[in-house]
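Remarks on the overall topology
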Amino acid sequence: MYKIILATRYLVKRRITYFAVAAVALCVFIVVVVMTVMTGLVSEYKQKNHNFVGDCVVGTESLVGFPYYEDFIKELDEKDFIDGASPVIKSYAMINPVATERNIAAEIMGIEPVRHNKVTTFAQMLYYRKNNVSKAFEPIYDPNLAGCVLGIDLAIERDANSRYYHEVSPSQTALSISCFPLTAKGALAKAGTDLVNTQIFYYSDTLQSGLAQVDSSMIYLPFEQAQLLCGMAGPVKRANAIHIKFKPNVQPRDGCEKTASLWQNFKQEKAGENQTELLDSVTVQGWKDYRRAHIAAMEKEQTMMIAMFGLVGITTVFIVIVVFYMIISHKSKDIGILKSIGVSNSNIIQLFLAFAFLVGLLGSAIGAVGGWRFLVHINKIEGWLFKHFGFQLWDRTIFAIGDIPNRVELSVLTVIILMAIASCLVGALVPSWQAAKLKPVETLQVRQL
Amino acid sequence: MSKNSIMLKAEGLYKSYQMGATEVKVLKGIELAVGQGEFVAIVGASGSGKSTLLHILGALDKPDKGIVSFQGRQLSRFSSGELNRFRNKMVGFVFQFYHLLDELDVLENVYLPAMAMKSTIGWLACRNWAKNRAKELLDQLGLGERANHKPYQLSGGERQRVAIGRALMNEPRLLLADEPTGNLDSATGNGILDIFEKLNRAGQTIVMVTHDERIAERAGRIITLADGKIEHKSTIA
């Protein structure tokens, strides 16, 4: 009991302990804020990728695509673990706004909006046709025109706060889209004649996926027209990918394994038919693997940040060691007194570890509450800094980041607090152990002979 | 003094300290016996080794050579746990500089030895008894009104009386006092010695170290230490 009483009194009455508490609080504050923002950014980014892709993709990197996709979709639709499947054309195109001299290279994605919306959150990402996805490719100003959906950064400029301002309806803009149609062998389909297929599409909507690369370079076209443009609408129609969504109770990994197994069987069934060599390049990937190149960079950045702030934790240990050496050198008389009344070495260690525990607990509580309050207001603070000093954490004209993520994960917070307390205990262990080894006659300074 | 009544015995005690390159021999073969209920004063000039002897007798330090026995048992054969219990239950220390814990109030300082050897549950079970005992001791020492004061709010004499209360908390068989009046004026010092005499009359065994022969005369027996050896023993009538 005296250990609890003394540890508490040391904490309250020794001013030097305030420095230890402040050091722990500051470290916890920094780590909570950085981890929350980084974890939030990464998980938000992953979620956006998941929303954009669906659960699984059966597809090929080849621009030639693969045949019999409709047959495979039919098979998939019969399976109880599949919620939906959507064929997708993916290619590259030259875009030329009509009546201008401008040319830009873009990616095109041919989709059937209703089907694709069953697999992804396509409708939610639209602006004008959010509630009527079947008309995504029908411009409001003239539904009879062939429409296209533009990645939002292709259509609208962002302001410095990462906000987009849409007109009441999309402006009537005609875009000439040219693709290079390919044969099943991968050769240019129109070699010797016009090399390209060109068609005029009208801007019908914008799509904001939150993925910078997608929003700045992607144009969505009706599936069949994209197929025609890319030369995939021959007698054996081809697509580049099938995006799949599993039923809610299906684990993505299980779903992918089942789909992969189905694909293997499907390939065998199709062996010997026309163009089946194109099926060999098709892979079945979960959404994370499919977007690995993009997600891995973010995860790597997160790992580096965790490692860097792990070093902050190590610094805490050293601060605590220094503070505890100072505290214990001031308290050596107390150690002698306690030993003279029969307190054991292990109890001396426990006393100072209890003290360190309280320092860690109080410091991490202050740091965690401070970090949480800061995060609650982080966007307001950033807004104020931007308004008055032009400072932004990320330049929103460059990065596709809206609000700074500020949702504190309880599990992350718990780990940080436990690590902070453990750092304090580690930092206090050596000085406590040395204190316990002191002889009472030395600590009481009674070597008067 | 019959063999059975000997509480504390030292035989052939040697102790030396290293001071830089020089070895200082402090105790050079001390022979000493303290009977039950005795009040013994050890006197000697500064540096004669009297404090060192007291610390060895109270198991705060170890001799280089020699034996210290308490009620027939050699301290050197005690395990560390037994030594802790010995310091807690059998001996009470009173130091020249009081050595109270600044973070605790007077009452807490007094009952600290009772708390020190108890687990949290054990302490909760006996804390009322301990607090009452500490209050009684403070009343006896004339500090009943000072129970909730902090040590720094007390005078030197009051602090020393708190230290005596703490030393007596666990009703030790032996009270060891190292220059208990050394830091006090003569009137306050006399008050402390009156308390020792009263305790001794009630049967408490006391060994007191002092450099002042007039203070030593208040004890029942005086042992003079000079150059690390016992020079003279006298019994005061």
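Basis of the calculations
- Residues numbered from 1 in each chain as written.
- Chains lettered and ligands numbered in written order.
- Predicted model: local features only at pLDDT ≥ 70, side-chain atom pairs only at ≥ 80, totals over all residues.
- Heavy atoms only, no water.
- Phe/Tyr/Trp six-rings, centres within 6.5 Å; stacked < 30°, edge-to-face > 60°.
- Helix = DSSP H or I, 4+ residues; strand = E, 2+ residues; numbered from the N terminus.
- Buried < 20%, exposed > 50% of the residue type's maximum accessible area, 1.4 Å probe, protein only.
- Lys NZ or Arg CZ within 6 Å of the ring centre and 35° of its normal.
- pLDDT = per-residue confidence, 0-100.
- Core = buried A, V, L, I, M, F, W, Y, C linked by side-chain atoms within 4.5 Å.
- Contact = heavy atoms within 4.5 Å.
- Pairing = 2+ DSSP bridges.
- Right-handed = clockwise from strand over helix to strand, strands pointing away.
- Axes fitted to C-alpha atoms, helices over the stretch in contact; angles between N-to-C directions.
- Parallel < 35°, antiparallel > 145°, perpendicular 65-115°, else oblique.
- Nonpolar A, V, L, I, M, F, W, Y, C, P; charged D, E, K, R; others polar.
- Buried area = accessible area lost by both parts, 1.4 Å probe.
- Salt bridge = Lys/Arg side-chain N within 4 Å of Asp/Glu carboxyl O.
- Polar contact = N/O pair within 3.5 Å; in protein donor to acceptor, adjacent residues only side chain to side chain.

**Comments concerning the packing of aromatic side chains**
Applying the stated rule across the entire model yields 17 aromatic pairs over all chains. Ring centres of F72(A) and W263(A) lie 4.9 Å apart, and the angle between their planes is 85°; on these two criteria the pair is classed as edge-to-face. Highlighted residues: F72(A) in helix α3 (residues 69-77) and W263(A) in helix α9 (residues 252-270), separated in sequence by 191 residues. Each member of the pair F72(A) and W263(A) is classed as buried. Consider the rings of F39(B) and F196(B), whose centres lie 6.3 Å apart with planes at 80°: the pair is edge-to-face. On the criterion of sequence distance, the pair formed by F39(B) in strand β3 (residues 39-44) and F196(B) in helix α6 (residues 186-201) is long-range, its members being 157 residues apart. Neither residue differs from the other here; F39(B) and F196(B) are each classed as buried. Here the aromatic cluster, defined as three or more aromatic residues joined through ring pairs, consists of F66(A), F72(A), W263(A) and F266(A). Against the face of Y68(A) rests K270(A), its NZ or CZ located 4.8 Å from the ring centre. The positively charged end of R373(A) is found above the aromatic ring belonging to W372(A), 5.1 Å away from the centroid.

**Examining the confidence of the model for chain A**
Here chain A shows a mean pLDDT of 87. Residues at 70 or above account for 95%. Mean pLDDT across the elements of chain A bottoms out in helix α16 (residues 440-443) of chain A (79) and peaks in strand β10 (residues 241-246) of chain A (96).

**Description of the nonpolar core**
Judged by nonpolar contacts, the single largest core of 157 residues is most densely connected at Y220(A), L338(A), F355(A), V359(A), L53(B), I164(B) and F196(B). Ranked by residues supplied to this core, first place goes to helix α2 (residues 15-53) of chain A with 17 residues. When neighbours within four sequence positions are excluded, I164(B) is seen to be in contact with V94(B), L141(B), I192(B), I195(B), F196(B) and L199(B).

**Regarding the pairing of strand β8 (residues 205-210) of chain B**
Residues and elements named next belong to chain B. For β8, the buried fraction is high: six of the six residues fall into the buried class. Residues T205, V207 and V209 point to one face of β8 and I206, M208 and T210 to the other, with burial holding for every one of them. Pairing between β3 and β8: five bridges, direction parallel. Each residue of the ladder has a partner; that of V40, found in β8, is V207. Where strand β7 (residues 174-178) and β8 come together, five bridges link them in parallel fashion. Each residue of the ladder has a partner; that of L176, found in β8, is V207. In this fold, β7 hands off to α6, which returns the chain to β8; that crossover is right-handed.

**Let's talk about the confidence of the model for chain B**
Counting all residues, the mean pLDDT for chain B is 88, and 96% of those residues have values of 70 or more. The complex model carries a pTM of 0.74, and its ipTM stands at 0.90.

**Remarks on the packing of helix α1 (residues 2-13) of chain A against helix α3 (residues 106-116) of chain B**
Orientation of α1(A) relative to α3(B), taken along the N-to-C sense of each, is 135°, at an axis distance of 10 Å. By the angle between their axes, α1(A) is oblique relative to α3(B). When α1(A) is examined against α3(B), the residues Y2(A), I5(A) and R9(A) are found in contact with a partner set consisting of E108(B), L112(B), M115(B) and A116(B). When the residues that make up the contact of α1(A) with α3(B) are grouped by side-chain class, the tally is five nonpolar, no polar and two charged.

**A short note on the interface of chain A and chain B**
Contacts between the two partners involve 26 residues from chain A, matched on the other side by 38 residues from chain B. Note on chain A versus chain B: buried area summed over both sides is about 2900 Å², and carbon and sulfur give 62% of it. The interface formed by chain A and chain B contains two salt bridges. Residues K331(A) and E103(B) are paired through a salt bridge, measuring 3.0 Å at the closest nitrogen-oxygen approach. The interface formed by chain A and chain B holds four residue pairs in polar contact (both at pLDDT 80 or more) in total. Elements represented by at least two residues in the side of chain A that touches chain B include exactly α1, α12 (332-340) and α16 of chain A. Of the residues contributing to the side of chain A that touches chain B, the split by class is 14 nonpolar, four polar and eight charged.

**Brief notes about the pattern of salt bridges**
Applying the stated criterion across every chain yields a total of 22 salt bridges over all chains. Between R115(A) and E112(A) there is a salt bridge, with the nearest N and O atoms lying 3.2 Å from each other. R115(A) sits in the partly exposed class, given a relative accessible area of 27%. For the salt bridge of R214(B) with D212(B), the shortest nitrogen-to-oxygen distance reads 3.8 Å. Exposure remark for R214(B): the relative accessible area of 64% places this residue in the exposed category. A network of salt bridges, in which partner residues are shared, links K46(A), R292(A) and E299(A).

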